[in-house]
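The primary structure of each chain is shown beneath.
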Amino acid sequence: MKLDTSGFETSMPMIGFGSSSDMLDELSSVPSFDLPRTKEFDGFQKEAKDMLKHAKGTTTLAFIFKGGVMVAADSRASMGGYISSQSVKKIIEINPYMLGTMAGGAADCQFWHRNLGIKCRLHELANKRRISVSGASKLLANMLYSYRGMGLSVGTMIAGWDETGPGLYYVDNEGGRLKGDRFSVGSGSPYAYGVLDSGYKYDMSVEEASELARRSIYHATFRDGASGGVASVYHVGPEGWTKLSGDDVGELHYHYYPVAPATAEQVMEEATAE
Amino acid sequence: MTKQHANWSPYDNNGGTCVAIAGSDYCVIAADTRMSTGYSILSRDYSKIHKLADRAVLSSSGFQADVKALQKVLKSRHLIYQHQHNKQMSCPAMAQLLSNTLYFKRFFPYYAFNVLGGLDEEGKGCVFTYDAVGSYERVGYGAQGSGSTLIMPFLDNQLKSPSPLLLPKQDSNTPLSEAEAVDLVKTVFASATERDIYTGDRLEIMILKADGIKTELMDLRKD
């Protein structure tokens, strides 16, 4: 019987000698990337990053409460000062009972969450049971750690429901992994924390929790220029996740702060010809 | 000791603009044909649109050498797919392939700004928009390249469709007819040519429908 030694394999990616058919290789091992042959790798990475200005800037949040996990995010992607999209999916559906949020580099988050989904499925097939949230977040954190210092930008939360109940982990590109019950990530997170922390109670109903999540995202989009678009709210329960709402934040503003019709005090008269 | 910086860059920007609009049963992909470097024009007749499959057409601006390399990789991967599955790739499948191809050069990116247009499995038009390292999303219309910041706000004004993230889910394709969409594209490029030095010469429009691909050409200002 061949033992599974994938845990013992070195996690450093192959530099420079990767085969040309690297995409056909199994994605569950460390993908080998083409690296530029420069003397100064970091300087090149910084220049390439500045030149490309790829999409980032965001507000995402997630919290655990009595009814499960609530996950919410905005949908704006900015490239430098230009809004490249108002409809980015920042809550990624890894599988029917686990969600990941996207903050930082859009391509980095999309790719690594897709990769994580593949790994979770392979785990299910190999072990005949679902992977735990703790396990999934660890897979992602270890993968990101092996690319530490290479300029990836990922600030994600893995939220799900497994045998131990609701689970929430924060994972970032430094390879950091934190377990917690309340997180907000992104340029708008300070604003979201303000609203979220002041309104949070563990014993909230699903409706109250989703309204709190939606309001926190709205307030972050109001004050942060790099956040906006549509506020999406998802709930993760014992049966899996469901999308609860998706509201345009421009319309949410008038929903929370309706404009009273102004009464005209002075009416201008039509100018008559002299 | 002052650090020596490289005076040779592997990248260059050849300019140009690409636009795509998705309709109920068609997809319009358009790009100008000017290829430039710095203030010089290298060619007035360089096509930036490339057919990858019967239902997937790629249009890319940026560094055309990287675009050419990218097209070659996608073409060969598509050929392998056809051998293995005995059918052509659908547009959403090609979209993910393009995203992965771009991300595999994450540390030495393709300097290519892509718009992928085509028809999905149901025959509805679809447009996918990308950044340089592979993040992508399906949209109702998209513009990339040097004139994109001029064109996108106008398309938002004319074609603004409900976001695909809203609940209940709404269709993001434009209700415009094919002729109206082509007219809109011509208008938009004529305006972009006025204010962007890298856009002009000629406009190439490809209209993808279930029964085939039609190409139209229109002259733009050459100054």
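Calculation rules
Residues numbered from 1 in each chain as written. Chains lettered and ligands numbered in written order. Predicted model: local features only at pLDDT ≥ 70, side-chain atom pairs only at ≥ 80, totals over all residues. Heavy atoms only, no water. Helix = DSSP H or I, 4+ residues; strand = E, 2+ residues; numbered from the N terminus. Rg over C-alpha atoms; globule rule 2.2 N^0.38 Å. Buried < 20%, exposed > 50% of the residue type's maximum accessible area, 1.4 Å probe, protein only. Contact = heavy atoms within 4.5 Å. Areas by Shrake-Rupley, 256 points an atom, 1.4 Å probe, with all protein chains shown as cover. Lys, Arg positive; Asp, Glu negative; His and termini not counted. Charge placed at Lys NZ, Arg CZ, Asp CG, Glu CD. Pairing = 2+ DSSP bridges. UniProt positions renumbered as here; feature names shortened; annotations may be inferred. Patch = residues over 30% accessible without salt bridge, like charges linked within 9 Å, V, L, I, M, F, W, Y side chains within 5 Å. Salt bridge = Lys/Arg side-chain N within 4 Å of Asp/Glu carboxyl O. Phe/Tyr/Trp six-rings, centres within 6.5 Å; stacked < 30°, edge-to-face > 60°. Axes fitted to C-alpha atoms, helices over the stretch in contact; angles between N-to-C directions. Arc of directions from axis to C-beta. Polar contact = N/O pair within 3.5 Å; in protein donor to acceptor, adjacent residues only side chain to side chain. Nonpolar A, V, L, I, M, F, W, Y, C, P; charged D, E, K, R; others polar.

**A closer look at the overall build of chain B**
Alright, step 1. A count of helices and strands for chain B gives four helices and twelve strands.
Alright, step 2. Here chain B has a C-alpha radius of gyration of 17 Å; the compact-globule value for 223 residues is 17 Å, and the two agree.
Alright, step 3. Structurally, chain B occupies a C-alpha span of about 60 × 45 × 35 Å along its principal axes.
Alright, step 4. Every one of the 223 residues in chain B was classed for burial, and the buried ones make up 55%.
Alright, step 5. Pairs at least 24 residues apart make up 64% of the contacts formed inside chain B by residues separated by at least 6 positions.
Alright, step 6. In the form shown here, chain B has an accessible surface area of approximately 10,100 Å², with 52% of it arising from carbon and sulfur atoms.
Alright, step 7. For chain B, the centre of its 24 positive side-chain charges and the centre of its 24 negative side-chain charges are spaced 6 Å apart.

**Digging into the pairing of strand E12 (residues 212-219) of chain B**
Alright, step 1. Two elements, strand E11 (residues 202-209) of chain B and E12(B), share eight bridges in a ladder whose sense is antiparallel. Bridge assignment links B:Glu204 to a residue of E12(B), and that residue is B:Leu217.

**Observations regarding the UniProt feature "active site" (unreviewed entry) in chain A**
All names here are of chain A.
Alright, step 1. If you check UniProt for "active site" (unreviewed entry), the listed places come out as Thr58 in our numbering.
Alright, step 2. Mapped onto the elements, Thr58 comes out in the loop between helix H1 (41-52) and strand E1 (60-65).
Alright, step 3. On the basis of relative accessible area, Thr58 is assigned to the buried category, the value being 2%.
Alright, step 4. With sequence-adjacent residues up to four places away left out, Thr58 is seen in contact with Asp74, Lys90, Met102, Ala103, Gly104, Val185, Gly186, Ser187, Gly188, Asp224, Ala226 and Ser227.

**Overview of a nonpolar patch on the surface**
Alright, step 1. Residues A:Ile118, A:Leu122 and A:Leu125 make up a contiguous nonpolar surface patch of about 250 Å² in total accessible area.
Alright, step 2. Checked against the element boundaries, A:Ile118 lands in helix H2 (residues 106-127).

**Considering the packing of aromatic side chains**
Alright, step 1. Tallied over the entire structure, the rule returns 18 aromatic pairs over all chains.
Alright, step 2. Seen from their ring centres, A:Phe111 and B:Tyr103 are 4.2 Å apart, and the 15 degrees between their planes marks the pair as stacked. Taken together, the residues A:Phe111 in helix H2 and B:Tyr103 in helix H2 (residues 91-103) connect one chain to another. Each member of the pair, A:Phe111 as well as B:Tyr103, is classed as buried.
Alright, step 3. For the pair B:Phe128 and B:Tyr136, a centre-to-centre distance of 6.0 Å together with 45 degrees between the ring planes defines the contact as tilted.
Alright, step 4. Note on B:Phe128: relative accessible area 5%, which makes it buried.
Alright, step 5. What makes B:Tyr136 buried here is its relative accessible area of 17%.
Alright, step 6. Taken together, the ring pairs connect A:Phe111, A:Trp112, A:Tyr147, B:Tyr103, B:Phe104 and B:Phe107 into an aromatic cluster.

**Description of the sheet that holds strand E7 (residues 112-119) of chain B**
All names here are of chain B.
Alright, step 1. Strand order across the open sheet formed by five strands is E5-E6-E7-E8-E9, with antiparallel pairing between neighbours. Edge positions in the sheet fall to strand E5 (49-53) and strand E9 (136-139), since each has one partner strand and no second. With direction set aside, neighbouring strand axes in the sheet form an average angle of 25 degrees.
Alright, step 2. As defined by bridge partners, E7 adjoins strand E8 (residues 125-130) across five bridges and the pair is classed as antiparallel. In the sheet register, Leu119 faces E8, and the bridge partner there is Gly125.
Alright, step 3. Strand contacts of H2: E5, strand E6 (56-62), E7, E8 and E9, with the helix running at about 5 degrees to E8, the strand carrying the most contacts.

**Details of helix H3 (residues 148-159) of chain B**
Since the α-helix packs 3.6 residues into each turn, any two residues three or four apart lie on the same face.
Alright, step 1. Looking at H3(B), one finds that the buried residues are B:Ser148, B:Ile151, B:Met152, B:Leu155 and B:Leu159. Looking straight down H3(B), one finds that the buried residues subtend no more than 100 degrees of arc, so they occupy a single side.

**Section: the side chain of A:Asn173**
All names here are of chain A.
Alright, step 1. Its place among the elements puts Asn173 in the loop between strand E8 (165-172) and strand E9 (177-179).
Alright, step 2. For Asn173, a relative accessible area of 18% gives the class buried.
Alright, step 3. Side-chain polar atoms of Asn173 contact the backbone oxygen of Leu152, separated by 3.3 Å.

**Description of the environment of B:Phe108**
Alright, step 1. Structurally, the position occupied by B:Phe108 is in the loop between H2 and E7.
Alright, step 2. Between the alpha carbons of B:Phe108 and B:Ile41 there is a distance of 27 Å; along the sequence they are 67 residues apart.
Alright, step 3. Sequence-distant contacts of B:Phe108, defined by excluding residues within four places in its chain, comprise A:Asp34, A:Leu35, A:Pro36, A:Phe44, B:Pro10 and B:Tyr11.

**Points about the interface of chain A and chain B**
Alright, step 1. With 45 residues of chain A at the interface, the matching set in chain B holds 34 residues.
Alright, step 2. Remark: the boundary between chain A and chain B carries one salt bridge.
Alright, step 3. A salt bridge links A:Asp108 to B:Arg106, with the nearest nitrogen and oxygen atoms 2.5 Å apart.
Alright, step 4. Counting the contacts that link chain A with chain B gives ten residue pairs in polar contact (both at pLDDT 80 or more).
Alright, step 5. For the side of chain A that touches chain B, the secondary structure elements donating two or more residues are H1, strand E4 (82-85), H2, strand E11 (230-237) and strand E12 (240-248) of chain A.
Alright, step 6. Broken down by element, the residue count for the side of chain A that touches chain B peaks at seven residues, all from H2(A).
Alright, step 7. Grouping the amino acids of the side of chain A that touches chain B by side-chain chemistry returns 24 nonpolar, twelve polar and nine charged.

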